[in-house]
Protein chains: 2
Amino acid sequence: MARKQGSHAGITGPRVQDTALRLFAQHGFAAVSMRQIAAEVGVQAGALYNYTADKQSLLFDLLQGNMTDLMGGLDSADLKGPPLSRLEGFTRFHIRYHLPRRDLVFLSYMELRNLSESNYATIARLRRAYEDRLEAILLDGVASADFAIDDCRIATLALIAQLTGITNWYRPDGRLSEEQVAETYWGLVRRTVAARSHA
Amino acid sequence: MARKQGSHAGITGPRVQDTALRLFAQHGFAAVSMRQIAAEVGVQAGALYNYTADKQSLLFDLLQGNMTDLMGGLDSADLKGPPLSRLEGFTRFHIRYHLPRRDLVFLSYMELRNLSESNYATIARLRRAYEDRLEAILLDGVASADFAIDDCRIATLALIAQLTGITNWYRPDGRLSEEQVAETYWGLVRRTVAARSHA
DNA sequence: TTTTCAAATGAACGGGCGTTCATTTAAATG
DNA sequence: CATTTAAATGAACGCCCGTTCATTTGAAAA
């Protein structure tokens, strides 16, 4: 049986991606079978291969799409002005981007080891480019004496780890709204780098 | 053939744990087969069941052992004195404990989802107890006006994420020694919470 | 030397894996 | 209505999985 009702391309495709993302994040890449994905989508396993070359590509496409969206979003945030403003913009963008995508974030950190060498290199390059955006802000701030930082590379990694860690405990129906979280973390970030205290 | 040379109990057992840890961290729990572990240990798959009830217990024992060691180590660190000193002690202990155990840390964050419900609850309880140790220090510091923190629970999670994130990039043969890392991160932590800047 | 038994073997169990492909279906096209 | 073709089926491929267990081995105990 095929095409039970209406043309399915452009419907099944995205559903395969969404289902794979959810299941990979929930159980791990290796623990999820193509047959499980197919069952949740509502097709047979063979049909998945109309939408992906193989299982590994399914993972890679999710991670690459995530990093591309992340970089694109940061570009759109269009950070300008003095270093402190740009740092605030980065912090708020990072939180705004990551909180609604907790599955994807978890996947991006956990399943890098399941990528082939060249696929891994691609993702690592994109991640490094993202980190470098923050590091550039920190370096500018040190140059202008707005920030006091010993080691900007370390501070970059420390801040990103701190911000990304939010996805480990945040729940949309929890004690804090996304806005409150952003406010609180911006306070922490500012104090971590600022040369002078703020009242 | 059995006992090729000398009694093997007490030798094979730990080797099974070590090998399982390394392979789980490298490839993921679900991606590693009992036969792979056995091959690296140098026995047949069946022999593993002299040392573990099943594959899941192998994972749980590793994670539980880690959390027990972590809590025990923190107790041994025996933090005393004013909040700032205790925070410094906690920070340095956390780094000292985690840096030589990067595989175990990675495993502890990635593979919680592969635990049964009750095994998961056990690990989560231990983790919460560890977080509460830090939170208690922060609360004391706020009470004594040594620290200025809006939300001590959030600050706790933020600091632990920041410190644990070191294991994602630290390499023993890298640019920074463990001591330099501890020094740099203690600087970041102090600035994040301290009520007044330090020269 | 003989006995004991912890430790390991190796075959077997039922089942699931990723992937391929000839075939069938039915919506869209002319 | 007849044709085309995108989309899905379902069986098959060879292979690996976690776990069990009767059997074998050989170091240590008697």
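Residues numbered from 1 in each chain as written. Chains lettered and ligands numbered in written order. Predicted model: local features only at pLDDT ≥ 70, side-chain atom pairs only at ≥ 80, totals over all residues. Heavy atoms only, no water.

J.: Explain the overall build of chain A here, please?
T.: A tally of helices and strands in chain A yields eight helices and zero strands. When the helices and strands of chain A are listed from N to C terminus, the series reads α-α-α-α-α-α-α-α. Carbon and sulfur atoms make up 49% of the accessible area of chain A, which totals about 9700 Å². (Helix = DSSP H or I, 4+ residues; strand = E, 2+ residues; numbered from the N terminus. Areas by Shrake-Rupley, 256 points an atom, 1.4 Å probe, with all protein chains shown as cover.)

J.: It is not clear to me how the interface of chain A and chain B should be interpreted in this structure. Could you clarify?
T.: How large an interface is tends to be reported as the accessible area lost when its parts come together. Taken together, the contacts link 36 residues of chain A with 36 residues of chain B. Around 2800 Å² of area is buried between chain A and chain B when both sides are counted, 56% of it from carbon and sulfur atoms. Of all residues in chain A, the largest losses of buried area upon contact with chain B belong to Arg-113, Ile-154 and Arg-191 of chain A, amounting jointly to 24% of the total for that side. Summed over the shared surface of chain A and chain B, the number is four salt bridges. Put simply, Asp-151 of chain B and Arg-175 of chain A hold a salt bridge, and the shortest N to O gap is 2.9 Å. Counting across the chain A and chain B interface gives 15 residue pairs in polar contact (both at pLDDT 80 or more). Only α1 (12-27), α5 (102-110), α7 (152-164) and α8 (178-193) of chain A provide two or more residues apiece to the side of chain A that touches chain B. (Contact = heavy atoms within 4.5 Å. Buried area = accessible area lost by both parts, 1.4 Å probe. Salt bridge = Lys/Arg side-chain N within 4 Å of Asp/Glu carboxyl O. Polar contact = N/O pair within 3.5 Å; in protein donor to acceptor, adjacent residues only side chain to side chain.)

J.: Where do I start with the relation of the copies chain A and chain B in this structure?
T.: Think of it as a corkscrew move, a rotation about one axis and a shift along it, taking one chain copy to the other. The operation relating chain A to chain B is a screw motion whose rotation component is 180 degrees, with 0.0 Å of axial translation and a residual RMSD of 0.0 Å. On the angle and the small slide along the axis, the relation comes out as a two-fold axis. Interface residue correspondence from chain A to chain B reaches 100%, placing this contact among same-surface, isologous pairings. (Least-squares fit on C-alpha atoms with pLDDT ≥ 70 in both.)

J.: Quick question: what am I supposed to make of the pattern of salt bridges here?
T.: Two side chains bearing opposite charge may form a pair once their charged atoms approach each other closely. Enumeration according to the criterion identifies 26 salt bridges over all chains in this entry. The partner of Arg-113 of chain B in a salt bridge is Glu-111 of chain A, and the shortest N-O contact between them spans 3.1 Å. Residue Arg-113 of chain B is found in the loop between α5 (102-110) and α6 (117-143), and its partner Glu-111 of chain A is found in the loop between α5 and α6 (117-143); the two belong to separate chains. Classification of Arg-113 of chain B by relative accessible area gives partly exposed; the value is 22%. Residues Glu-131 of chain A and Arg-153 of chain A are paired through a salt bridge, measuring 2.6 Å at the closest nitrogen-oxygen approach. (Buried < 20%, exposed > 50% of the residue type's maximum accessible area, 1.4 Å probe, protein only.)

J.: How should α6 of chain B be read in this particular structure?
T.: Because the α-helix completes a turn every 3.6 residues, residues three or four places apart line up on one side. Residues and elements named next belong to chain B. The end-to-end C-alpha separation of α6 is 37 Å, in line with the 39 Å expected for 27 residues at 1.5 Å each. Listed as buried for α6 are Asn-119, Thr-122, Ile-123, Arg-127, Tyr-130, Glu-131, Leu-134, Glu-135, Ile-137, Leu-138 and Gly-141. In this structure, the buried residues of α6 make contact with α3 (55-77), α4 (83-98), α5, α7 (152-164) and α8 (178-193). In the stretch just after α6, Ala-145 is the one whose phi turns positive, near 65 degrees. (Expected span 1.5 Å × (residues − 1).)

J.: Looking at this model, I keep getting lost on unusual backbone geometry. Mind explaining?
T.: Working note: non-glycine residues mostly have negative phi, and peptide bonds are mostly trans. Residue and element names in this part refer to chain B. Positive phi values are uncommon outside glycine, yet Asp-78 reaches one of about 50 degrees. In this fold, Asp-78 is placed in the loop between α3 and α4. At Ala-145, a position not held by glycine, the phi torsion is positive, near 65 degrees. Among the secondary structure elements, Ala-145 is positioned in the loop between α6 and α7.

J.: Hey, could you run me through the packing of α6 of chain B against α7 of chain B in this one?
T.: Any two packed helices are characterised by how steeply their axes cross, that is the angle between the axes, and by the distance between the axes. All names here are of chain B. Contact geometry for α6 and α7: axes closest at 9 Å, N-to-C directions at 120 degrees. Judged by the angle between their axes, α6 and α7 are oblique. Considering how the two elements wind past one another, α6 and α7 form a crossing that is right-handed. Contact residues: α6 offers Arg-128, Tyr-130, Glu-131, Asp-132, Leu-134, Glu-135, Leu-138, Leu-139 and Val-142, while α7 offers Cys-152, Arg-153, Ala-155, Thr-156, Leu-157, Leu-159 and Ile-160. (Axes fitted to C-alpha atoms, helices over the stretch in contact; angles between N-to-C directions. Parallel < 35°, antiparallel > 145°, perpendicular 65-115°, else oblique. Left-handed = near helix turned anticlockwise from the far one by under 90°.)

J.: Is there a simple way to think about the side chain of Thr-91 of chain A in this case?
T.: Among the secondary structure elements, Thr-91 of chain A is positioned in helix α4 (residues 83-98). A polar contact of 2.9 Å, which involves the side chain of Thr-91 of chain A, links it to the backbone oxygen of Leu-87 of chain A.

J.: When you look at empty space enclosed by the protein in this model, what are you seeing that I'm missing?
T.: To find the voids left in a structure, one rolls a probe of water-molecule size over its atoms. According to the stated counting rule, one finds one cavity of 30 Å³ or more in the structure shown. As a volume, the largest cavity reaches approximately 60 Å³. Along the wall of the largest cavity there are 16 residues; nearest its centre are Ala-30 and Arg-113 of chain A together with Gly-28, Ala-30 and Arg-113 of chain B. Taken together, the residues that form the lining of the largest cavity break down as six nonpolar, six polar and four charged. (1 Å grid on protein atoms, 1.4 Å probe; cavity = no way out; pocket = protein on both sides within 12 Å on 5 of 7 lines; lining within 4 Å. Points joined across faces, edges and corners; volume = space filled by probe spheres on them. Nonpolar A, V, L, I, M, F, W, Y, C, P; charged D, E, K, R; others polar.)

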